[in-house]
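What follows is each chain in one-letter form.
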Amino acid sequence: MTESGLKDAMDVLQAWVDQYNARSGGKVALASGGEAGGAQLRLKYSPSEDTISILHLVAVTREGRPAILVSRFEGPTAETSVQAGLWASGQLGRRPTR
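Throughout this description, residue numbers start from 1 for each chain and increase along the sequence as written. Local features in this predicted model are restricted to residues of pLDDT 70 or higher, and side-chain atom pairs are both shown and tallied only at a pLDDT of 80 or more, whereas totals for entire chains, interfaces and linings draw on every residue. No hydrogens and no water enter the side-chain calculation; it runs on all heavy atoms of the structure.

## A word on the environment of Ala59
Turning to step 1, where the next piece is worked out: One can find Ala59 in strand S3 (residues 51–62).
Turning to step 2, where the next piece is worked out: With a relative accessible area of 36%, Ala59 lands in the partly exposed category. Secondary structure elements follow DSSP: runs of H or I of four or more residues count as helices, runs of E of two or more count as strands, with numbering from the N terminus. When accessible area is computed with a 1.4 Å probe and restricted to protein chains, residues below 20% of their type maximum are described as buried, those above 50% as exposed, and intermediate ones as partly exposed.

Okay, structure coming up:
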């Protein structure tokens with residue numbers, strides 16, 4: 001928490017990623033992504049030039065209780081990014097889940 005109240009979840013995640021990257025010396029640089037309000041947060045890195053690995057976190061309510069769903073995706077950058085986005089949208093009720 002900051003003095004002005006709750007900090008946006010994306011800001012907290014980005015600060016953590018920045019600190020991690022500074023400490024690791026850029027050996028395996030992490031990036032973050034998400035949406036305003038923090039319903040979706042992503043940690044990602046590229047193990048090779050055309051490959052991405054994404055750890056996707058989604059904040060939801062299940063049976064009246066808050067929960068964070070987590071799923072890992074890895075593969076070709078474009079296809080994997082779409083797959084992760086579709087999964088998250090389904091969890092948030094924006095698309096039917098399969």
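## Points about the pattern of salt bridges
Turning to step 1, where the next piece is worked out: We define a salt bridge as a side-chain nitrogen of Lys or Arg found within 4 Å of a carboxyl oxygen belonging to Asp or Glu. Taken as a whole and judged by the stated rule, the model has one salt bridge.
Turning to step 2, where the next piece is worked out: The residue Arg72 makes a salt bridge to Glu74 at a minimum N-O spacing of 2.7 Å.
Turning to step 3, where the next piece is worked out: The exposure class of Arg72 is exposed, given its relative accessible area of 58%.

## Considering unusual backbone geometry
Turning to step 1, where the next piece is worked out: For Glu63, which is not a glycine, the phi torsion comes out positive at approximately 55°.
Turning to step 2, where the next piece is worked out: Topologically, Glu63 is positioned in the loop between S3 and strand S4 (65–76).
Turning to step 3, where the next piece is worked out: Its relative accessible area of 83% is what places Glu63 among the exposed residues.

## Focus on the nonpolar core
Turning to step 1, where the next piece is worked out: The biggest cluster of nonpolar side chains holds six residues, and these are Met10, Leu13, Val17, Leu30, Leu41 and Leu43.
Turning to step 2, where the next piece is worked out: Taken together, the elements giving at least two residues each to this core come down to helix H1 (9–24) and strand S2 (40–48).
Turning to step 3, where the next piece is worked out: Looking at this core, the element that brings in the most residues is H1, giving three residues.
Turning to step 4, where the next piece is worked out: Here Leu30 is in contact with Trp16, Val17, Tyr20, Asn21, Lys44 and Tyr45, once residues within four sequence places are set aside. Residues belong to a common nonpolar core when they are buried Ala, Val, Leu, Ile, Met, Phe, Trp, Tyr or Cys residues joined through side-chain atoms within 4.5 Å. Residue contacts are defined here by distance: any two heavy atoms, one from each residue, within 4.5 Å place the two residues in contact.

## What to know about the pairing of S3
Turning to step 1, where the next piece is worked out: The pairing of S2 with S3 spans seven bridges and is classified as antiparallel. Considered in S3, the bridge of Ser48 is made with Thr51.
Turning to step 2, where the next piece is worked out: In this antiparallel pair of consecutive strands, S2 and S3, the connection spans two residues.
Turning to step 3, where the next piece is worked out: Whether two strands pair comes down to DSSP finding at least two bridges between them. Both S3 and S4 contribute to a ladder of twelve bridges, which runs antiparallel. Within the sheet, the bridge partner assigned to Thr51 lies in S4 and is Pro76.
Turning to step 4, where the next piece is worked out: What sits between the antiparallel neighbours S3 and S4 is a turn of two residues, in which Glu63 has the positive phi angle 55°.

## Section: the environment of Ser24
Turning to step 1, where the next piece is worked out: For Ser24, the position within the fold is in helix H1.
Turning to step 2, where the next piece is worked out: As used in this structure description, the phrase polar contact means that two N or O atoms lie within 3.5 Å; if the pair is within protein, one of them must be able to donate a hydrogen and the other to accept it, and residues adjacent in sequence are counted only when both atoms belong to side chains. A polar side-chain atom of Ser24 sits 3.3 Å from the main-chain carbonyl oxygen of Asn21.

## Observations regarding the side chain of Gln40
Turning to step 1, where the next piece is worked out: Tracing the sequence through the fold places Gln40 in strand S2.
Turning to step 2, where the next piece is worked out: At 3.0 Å, the side chain of Gln40 forms a polar contact with the side chain of His56.
Turning to step 3, where the next piece is worked out: Apart from the residues lying within four places of it in its own chain, the contact partners of Gln40 are Gly33, Gly34, Glu35, His56, Leu57, Val58, Ala88, Leu92 and Arg94.

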